[in-house]
Amino acid sequence: MSKDEFVMKAVIQEEEESTQSVRPQPSINLVILGALAENFNLRVNLGDVVLASGFTVGKSPTANKDKLHACNLLLSGDDASIYVSKQKPAEPKSPLARKRSSLIPAEGSRAAKGPKYSYVHLDQLKDKSVVNVYGVVTFFKQPFKTRGTDYCSTLKITDQSNQKVGCTIFCGNLEDHPKIFEIGDIVRMHRVKVGLYNNSPTLVNTSGFSVLTFSGTVGAAVEPRTRSKTFHFGKDDRRAVEELRSWAASHSPLPPSSTAVTLAAVQPNTYFDLTCQLLAKAPIESSCTLLRVWDGTRCPQTLLKVIVEPNVTEGPHSFSKKKEGVIANVLVYDNHVETSRQLQPGAFLRIYNLRAIPGSSKLPGLTNSQPVEVDPLAFHLHGGTSYGRGIRILPEDSPDVQELKRLMEAFSEEEEEPSDSELLEVFSTPPEYLDGDAVDHQTERTCTHQVQQEPLSQVKQNDQSQVHHVRVQLSSYQPHRLFQALKLFCSRCSSIRDIPDDEELALIFSEASKRSEAYSPPEWALSGELSLPGDASGSPSVHLSTELMNEGQQDQLIFLKGCSLEETCHLAATYKNIVPVRSSDGQLAPLDLSAPFLFRGRRRCKRCSKAALAEPSVEGKVSLDEKIIAEALGVQLLQPMLLMKLMLQDDSDTLDVFLWKHAELFFGVAAGDVWTNQEAQSSVQQAMDALCPAEGSRGRRPWLDLCLLAYRPEGDEENRTCYQICNTAVIKHPSE
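Residues numbered from 1 in each chain as written. Predicted model: local features only at pLDDT ≥ 70, side-chain atom pairs only at ≥ 80, totals over all residues. Heavy atoms only, no water.

Counting secondary structure elements, the chain contains 17 helices and 34 strands. Among the 736 residues that make up the chain, the fraction classed as buried is 45%. Of all intrachain contacts in the chain linking residues separated by at least 6 positions in sequence, the fraction that spans at least 24 positions is 67%. Here the chain has roughly 37500 Å² of accessible surface; of this, 48% comes from carbon and sulfur atoms. (Helix = DSSP H or I, 4+ residues; strand = E, 2+ residues; numbered from the N terminus. Buried < 20%, exposed > 50% of the residue type's maximum accessible area, 1.4 Å probe, protein only. Contact = heavy atoms within 4.5 Å. Areas by Shrake-Rupley, 256 points an atom, 1.4 Å probe, with all protein chains shown as cover.)

What follows is the structure, encoded as structure tokens:
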């Protein structure tokens, strides 16, 4: 087994009680795994005295061969420890006392013999090898929860070889992931395994993985970020970090500098990173949390204020009038809500890919303290991990935190007692998805069926009727996360499929760009190369329709080849329609059918699309829309839809039903709006929270009048009867 996997075997024997003893001392195999083996290897020499604890005893498979003890001692995991004494006790008459007084823990000392690590440049990686590497971070995503028990983080690194390598880290503990704060940070990774993806090297953590992270700023302290106390870091390591810092600063291998700005510099309609201190937080609903933060500067824009009850606020619920003027309300959604639960008021944070949205006064919930003519600026951290979106806690000794503290100290707050009116104004405006008044949610049937209301027990026994009217309560529903209820529906073949996540789409784009081959552009296209700033993967090619050029509509549609998903999304802000393409059999062809065929948010049906590249006709048309482009490319558009499973209950029984065909009528919003509009998403979530309160008793749940349709799915061998909600709408009444 290679030394990089750090499995170490040693032979130990009991120390002789007397120098005159001639009886051979029994020996036993000691097997050490992981980081403990690494540190033991650095510190032990022949003749040293060791003390082991927390081991397990197992049968030795080599006893017949090496003639040692029939058992061996296995040390692994957090409970195992081994101590090393560099000298034997001077007085053998009390060996145990002397041994213990001179023992040095193997995991505690950095002053033992020099490191035995070798590091590989990124352009010398070999498939399936386990290596140690240094690199400068050019891209990263905060750790996110996988479908299993691990968290996953992804990053890209480079070094003096200019080779860029993607890394994927899976660890069950968040603290074991790289503590990366910004692009340009430096990582040292031990025991990562090399793999090939599309003939390009990638790195994945393997057994015994460890990582240190350093600031990439030239002249900053070389202090490793890690929770481990068992790492080795010597002069050679310090030199490697400083060399990478100097190289990165002079060669500019990184994307454009960090998007971190202060509140004073925030502009509307932008995404930015914010370094701030958390003052207070409060849950808004199950999928949204409010964070009240400041950075010592004042935003020149009028900021959105949010109403929350003082009894649900963690941290101070009011501040002086002057300090209120520099506090920003940040609304975080979906997967970031779980992260926010771990945050404590007073913590220093960096919030990545925060969005500044103007015009919230057009949404319901404004009070008289914020006039309609004022467009307050709202800060939203949307769900997902695209573009590194997430929240990271910064240590207090971080240079960024020190600068933040300097700004805060410069803010001279006047000490004054807030008045009662000021206390009422602290959270004066609810978030954009809440109405100004509390509302009760009920349902009403919109059908004209002349049928009697039935209990659920009778519905389940009635095989004759297809339509049923019931009065029930909602016991539970799936999925609880709204984005999982969004599906894509093909009206031609009636197939339903999940919406691909960002990671899956990024792989499709990456594969298409890496498998590039020679091709001939279409005769109708005007072709060229696109120059992208920063960490672009290559020189993407762009193809324009000559007909559109002649009509002066060249910005209406471009065909784009060789861009990553992230780059395509950024370009979509400039061009009205982008069709991603790839090269295949010497020609340009549409991208994999799992990806959007057009960057206006629509996807296509694999089964019904006969995709081929063609020039859309613009004759007699003022502008292009997705239907015109889809028809030209032979694409069958998919429609967004909502699909949920609900458990109903009354005094007689329970019944599982589906909500999908009439989901838009039920919620009063279009599925397409739920996909793209935060207000529509919040409306659906608010309705479900009201119909099925998370911690409410059954008696608190409203009674719902529903119309159910019974049907038997085609191809179901068990011939089961299923039910779906139809002709029913949620209605809102102001609370009395």
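Resuming the write-up.
As a further point, take the confidence of the model for the chain. Confidence in the prediction of the chain, expressed as mean pLDDT, is 75, and 73% of residues score 70 or more. Contacts of residues 17-23 to residues separated by more than four positions or lying in other chains number zero contacts, the stretch itself having pLDDT below 50. In this model, residues 88-115 is a region of pLDDT below 50 whose contacts with residues beyond four sequence positions or in other chains number 52 contacts. (pLDDT = per-residue confidence, 0-100.)

The two faces of strand β26 (residues 558-561) match: Ile558 and Leu560 on one face and Phe559 and Lys561 on the other face are all buried. Across four bridges, β26 lies against strand β27 (residues 578-584) in parallel orientation. What sits directly across from phenylalanine 559, in β27, is valine 579. (Pairing = 2+ DSSP bridges.)

The strand order across the open sheet formed by three strands is β23-β22-β29, and the pairing between neighbours is antiparallel. Each edge of the open sheet is held by one strand with a lone partner, namely β23 (496-498) and β29 (639-642). Each strand axis lies, on average, 45 degrees off the axis of its neighbour in the sheet, ignoring direction. As defined by bridge partners, strand β22 (residues 486-489) adjoins β29 across four bridges and the pair is classed as antiparallel. Among the inter-strand pairings, phenylalanine 489 is bridged to a residue of β29, identified as glutamine 639. (Axes fitted to C-alpha atoms, helices over the stretch in contact; angles between N-to-C directions.)

For the peptide bond that leads from glutamine 478 to proline 479, omega is -10 degrees, which places it in the cis range. The backbone phi angle of asparagine 162 is positive, close to 65 degrees, even though this residue is not glycine. Within the element layout of this structure, asparagine 162 appears in the loop between β10 (151-158) and β11 (164-171). Owing to a relative accessible area of 47%, asparagine 162 belongs among the partly exposed residues under this scheme. Despite not being glycine, asparagine 727 has its phi angle at roughly 50 degrees, a positive value. Looking at where asparagine 727 falls in the secondary structure, it is placed in the loop between β33 (722-726) and β34 (728-734).

Going through the model one piece at a time under the given rule, you end up with eleven salt bridges. A salt bridge links glutamate 314 to lysine 281; the nearest nitrogen and oxygen atoms lie 3.8 Å apart. Taken together, the positions of glutamate 314 in the loop between β15 (288-294) and α5 (321-324) and lysine 281 in strand β14 (residues 270-285) put the pair 33 residues apart, joining distant regions of the chain. Given the relative accessible area of 32%, glutamate 314 is considered partly exposed. The buried category is assigned to lysine 281, whose relative accessible area is 8%. Salt bridges here are not isolated pairs; linked through shared partners, they connect Glu182, Arg350 and Asp400. (Salt bridge = Lys/Arg side-chain N within 4 Å of Asp/Glu carboxyl O.)

Time to look at the nonpolar core. Core analysis: the largest hydrophobic core is formed by 34 residues, its most contacted members being Leu474, Leu646, Leu648, Phe667 and Leu706. For this core, the element with the highest residue contribution is helix α17 (residues 678-691), accounting for five residues. Not counting the four nearest positions on each side in its chain, leucine 646 is found in contact with Leu474, Ser476, Tyr477, Leu655, Asp656, Val657, Leu659 and Ile725. (Core = buried A, V, L, I, M, F, W, Y, C linked by side-chain atoms within 4.5 Å.)

With mixed pairing, the four strands of this open sheet are ordered in space as β1-β2-β5-β4. Unpaired on one side and paired on the other, β1 (7-13) and β4 (56-59) mark the two borders of the sheet. Ignoring strand direction, the axes of neighbouring strands in this sheet form an average angle of 30 degrees. Here four bridges tie β4 to strand β5 (residues 71-75), and the two strands are oriented antiparallel to one another. Directly across from valine 57, in β5, lies its bridge partner leucine 73.

With five of its seven residues buried, β27 lies for the most part within the structure. Relative to strand β28 (residues 587-590), β27 is paired through four bridges, and the arrangement is antiparallel. Counterpart to arginine 582 in the pairing with β28 is alanine 589. The turn linking β27 back onto β28 is made up of two residues, and aspartate 585 within it adopts a positive phi angle of 55 degrees.

Moving on: the packing of aromatic side chains. A full pass over the atoms with the stated rule returns five aromatic pairs. Centroid distance tyrosine 119 to tyrosine 134: 4.9 Å. Interplanar angle 50 degrees. Geometry classified as tilted. In this pair, tyrosine 119 is assigned in the loop between β7 (104-105) and β8 (130-140) and tyrosine 134 in strand β8, connecting sequence segments 15 residues apart. Lying over the aromatic face of tryptophan 294, lysine 323 brings its terminal NZ or CZ to 4.3 Å of the ring centre. (Phe/Tyr/Trp six-rings, centres within 6.5 Å; stacked < 30°, edge-to-face > 60°. Lys NZ or Arg CZ within 6 Å of the ring centre and 35° of its normal.)

This brings us to the side chain of histidine 336. Position of histidine 336 relative to the elements: it lies in helix α6 (residues 335-341). Note on histidine 336: relative accessible area 3%, which makes it buried. Apart from the residues within four sequence positions on either side, histidine 336 is in contact with Leu381, His382, Gly383, Gly384, Arg389 and Gly390.

This part covers the environment of arginine 239. Its place among the elements puts arginine 239 in helix α4 (residues 235-251). Relative accessible area serves as the criterion here: at 43%, arginine 239 is assigned to the partly exposed category. Here the alpha-carbon distance between arginine 239 and valine 222, two residues 17 residues apart in the chain, equals 9.7 Å.

Okay, a nonpolar patch on the surface next. Taken together, the side chains of Val7, Leu33 and Leu74 make up a nonpolar region of the molecular surface, amounting to roughly 190 Å² of accessible area. Its location among the elements puts leucine 33 in strand β2 (residues 27-33). Assessed through its relative accessible area of 31%, leucine 33 is described here as partly exposed. (Patch = residues over 30% accessible without salt bridge, like charges linked within 9 Å, V, L, I, M, F, W, Y side chains within 5 Å.)

Turning our eyes to something else, we now look at helix α1 (residues 34-43). Taking burial as the measure, the ten residues of α1 include eight buried ones, the bulk of the element. Residues of α1 that are buried: Gly34, Leu36, Ala37, Glu38, Asn39, Phe40, Leu42 and Arg43. On the buried face of α1, the contacting elements are β1, β2, β3 (49-53), β5, β6 (81-85) and β12 (186-197).

On to the environment of lysine 561. Tracing the chain through its elements places lysine 561 in strand β26. Owing to a relative accessible area of 9%, lysine 561 belongs among the buried residues under this scheme. Counting along the chain gives 22 residues from lysine 561 to serine 583, while the straight-line C-alpha distance between them is 8.0 Å.

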